[in-house]
Each structure stands twice: as structure tokens, then as C-alpha cells.
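One letter stands for each residue in the lines below.
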Amino acid sequence: MPTRIAYLGPAGTYGEQASRALAELEGLTEVSFLPCVGLRAVVECLAQAGADAAVVPVENSVEGGVTATLDALWAHSDLGIRRALVLPIRHALLGSGSLQDVTEVLSHPQALAQCSGWLAAQLPQALQLPTSSTAEAARMVAGSRFRAAIASRKAGLEHGLEELAYPVNDVAGNRTRFLLLHRGERRLEGDVASLAFSMHRNAPGALLEALACLAEQGLNMSRIESRPSKRELGEYVFFVDVELPAQQPEALSTLVAALTPLCEHLAHFGAYPSSELVSG
Ligand SMILES: O=C(O)C(=O)C[C@]1(C(=O)O)C=C[C@@H](O)C=C1
């Protein structure tokens, strides 16, 4: 039976590139890739056992946390992270006419934001229209002379589009971290661990007390981010990544035990290896 991996479709997204690279890093030889519409659907496909794994973007070097992924992880806090991969993101403007005729630019909101400076300078009058993914934008502009998509060069080839400009991302080192998610047992040993927690109450020092657990164990936090709890204004869920020293194999279980009584809800997504892809 092939391993079924859910990803943000259609074919040609950065999510697909990340899925293929992560499957290779995991040594999976027989894989079937399942394109889904929207990140919520990707995570739900895995949670409802429609897939064996799922690949989602979690953080971009320019735009920060991918909120749809963070919210889906909190909603499915029994899922685990098997591996992380950082992918270079280089966007192209793709279409079928010429740059001067473009009046509408379609793409995923993250991609539009990553190219906002270029768009303001080169196509200030063009309408920016959000789509569910970059490759969906490429699919939608095919055949039009006045619509263009921001997507990868690979998506352009996939949908028979010409390259009107490349690269169009504002920051040359634009990168996105993707996660390979799974159901079942979470690992306790790896390079890094991801946790999310809500506090019992909004009281002075509550977050400080939780973060002190990391400091007391000498653990370095490589990311902290908050999302609204969605229950009350001013109430938050905190997402934290912690580097795990190889010489402290019990670090994650000790940390979880120390944090549990301080948190209303603690989700631990497990420990996992993290790597970076140099050429995308
Ligand atoms: O639309 C895609 O191609 C995606 O894989 C989504 C996504 C994202 O959500 O961040 C992934 C990488 C880039 O940062 C832009 C878009």
C-alpha cells in the first residue's frame, strides 16, 4: 500500500514540492499524493484518516506564521510532526499576454504579500485577487491575456503559462518551513520539538512561569507565536518551538511534565528532524 500524503493542491504548488522532498527524506518509495483545496482540508484529510500524512506550510521568513496551519494544528492537537523542511520560495509572474496588459494578479494571499513591493512598483493599478493556492491561480489565469498569476516556474510549465517576470518576490532569501504531519505516536527525541498551550487564566506572570520551565532546563526556544483562542478577546494560544540538545534525550518529556500543571491545554506535537533545501 502506498503512503498517502495530503497537500495543498492542485499540482504545482510549493506544498507539492515540499511533499515530494519530505517523502524522499523519509525514505518513502511508494507514495500517492492527494491534492486538497485549502490548508484546513489538508489537515482534516489526515485527521479523518483519508491520508497517512499531510504536508503544510507553517512559517515564512517574510510574512511569519501561516495562521491557517497554526489554527488547524490547535484544532487537531493529537497530530504529530514527523519532519520539517525549509524550502526556498522564488515566485514568477505567469500569464499568456504581456506585462503591460495585466489588470488582475491572482495568487495565494501569502504569495501576494511576499511580492507586495514588486506589485506596487510594477503593477500599481492591477487588482490583487486571492486564491486557495499559487497553482490554483496559475490554473485560473490560463487562456487570459489580462490576468496573471504569482506562482512557481514549475506551476507555469504545468499550466502552459509564459513567464512575464522572474523573480517577483521582494526578498531574495524568501523561505517557507513546511511540516510533515502524521497520526499516532509522537517521538520524544529529535532536533526540535513543537508545543502549543493555553493558560489556565490571564494572570500576571502566567506566561513567564511557563517559559521559565524552558529556561530552568537550559532549553533554547527557537520560535514563539500567539494566536487568538477564539473564545474571548485577549485570550491566546502560544506556539513554541524548542531546540533539543542531543545529550539530553529526556528533555522533552521533562518539559511536558513541568508545563502540564501550568496549562489549561497542552499540545505536544513531538520531536523531529529539521532540514533546509538549498535549491528549490
Ligand atoms: O500556494 C502554494 O503554493 C502553497 O504551497 C502555499 C504557500 C503558503 O501558504 O505559504 C506556501 C509557500 C509560499 O509561502 C506561498 C504559499
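About the thresholds
Residues numbered from 1 in each chain as written. Predicted model: local features only at pLDDT ≥ 70, side-chain atom pairs only at ≥ 80, totals over all residues. Heavy atoms only, no water. Helix = DSSP H or I, 4+ residues; strand = E, 2+ residues; numbered from the N terminus. Buried < 20%, exposed > 50% of the residue type's maximum accessible area, 1.4 Å probe, protein only. Contact = heavy atoms within 4.5 Å. Polar contact = N/O pair within 3.5 Å; in protein donor to acceptor, adjacent residues only side chain to side chain. Salt bridge = Lys/Arg side-chain N within 4 Å of Asp/Glu carboxyl O. Core = buried A, V, L, I, M, F, W, Y, C linked by side-chain atoms within 4.5 Å. Domains from an automatic or database assignment. UniProt positions renumbered as here; feature names shortened; annotations may be inferred.

**Digging into the side chain of Glu104**
Link 1 in the chain: By secondary structure assignment, the location of Glu104 is in strand β7 (residues 104-107).
Link 2 in the chain: Owing to a relative accessible area of 17%, Glu104 belongs among the buried residues under this scheme.
Link 3 in the chain: Not counting the four nearest positions on each side in its chain, Glu104 is found in contact with Ala126, Leu127, Leu129, Phe146, Arg147 and Ala148.

**Re the side chain of Gln217**
Link 1 in the chain: Take Gln217: it is sitting in the loop between α8 (206-216) and β13 (221-228).
Link 2 in the chain: At 3.2 Å, the side chain of Gln217 and the backbone nitrogen of Leu255 are in polar contact.
Link 3 in the chain: Excluding residues that lie within four positions of it along the chain, Gln217 makes contacts with Gln248, Ala251, Thr254 and Leu255.

**Structural notes on the pattern of salt bridges**
One side chain can pair with another of opposite charge once the charged atoms of both are near each other.
Link 1 in the chain: A full pass over the atoms with the stated rule returns 18 salt bridges.
Link 2 in the chain: The residue Arg139 makes a salt bridge to Glu136 at a minimum N-O spacing of 2.7 Å. In this pair, Arg139 and Glu136 both sit in helix α6 (residues 134-141), three residues apart, roughly one turn of the helix.
Link 3 in the chain: Given the relative accessible area of 46%, Arg139 is considered partly exposed.
Link 4 in the chain: When its relative accessible area of 16% is taken as the criterion, Glu136 is described as buried.
Link 5 in the chain: A salt bridge links Arg153 to Glu163; its shortest N-O distance comes to 3.0 Å. Residue Arg153 is found in helix α7 (residues 153-158), and its partner Glu163 is found in strand β10 (residues 162-165); the two are separated by ten residues along the sequence.

**A closer look at the nonpolar core**
Link 1 in the chain: Ala6, Val42, Val56, Leu179 and Leu181 are the most contacted members of the largest nonpolar core, which totals 28 residues.
Link 2 in the chain: Top contributing element to this core by residue count: helix α2 (residues 39-47), with five residues.
Link 3 in the chain: The two domains that each donate at least three residues to this core are domain 1 (3-88 + 175-182) and domain 3 (192-276).
Link 4 in the chain: Within the second largest apolar cluster, 22 residues are counted, among which are Met199, Phe238, Leu259 and Leu262.

**Some points on the domain arrangement of the chain**
Link 1 in the chain: Segmenting the chain into domains produces domain 1 (3-88 + 175-182), domain 2 (92-165) and domain 3 (192-276).
Link 2 in the chain: Using only C-alpha atoms to locate each centre, domain 2 and domain 3 end up separated by 39 Å.

**A few points about the UniProt feature "domain: Prephenate dehydratase" (unreviewed entry) in the chain**
Link 1 in the chain: In this structure's numbering, the residues bearing the UniProt feature "domain: Prephenate dehydratase" (unreviewed entry) are residues 4-183.
Link 2 in the chain: Each end of residues 4-183 is marked by a C-alpha atom, and these two atoms are 12 Å apart; helix forms 32% of the span and strand 33%.

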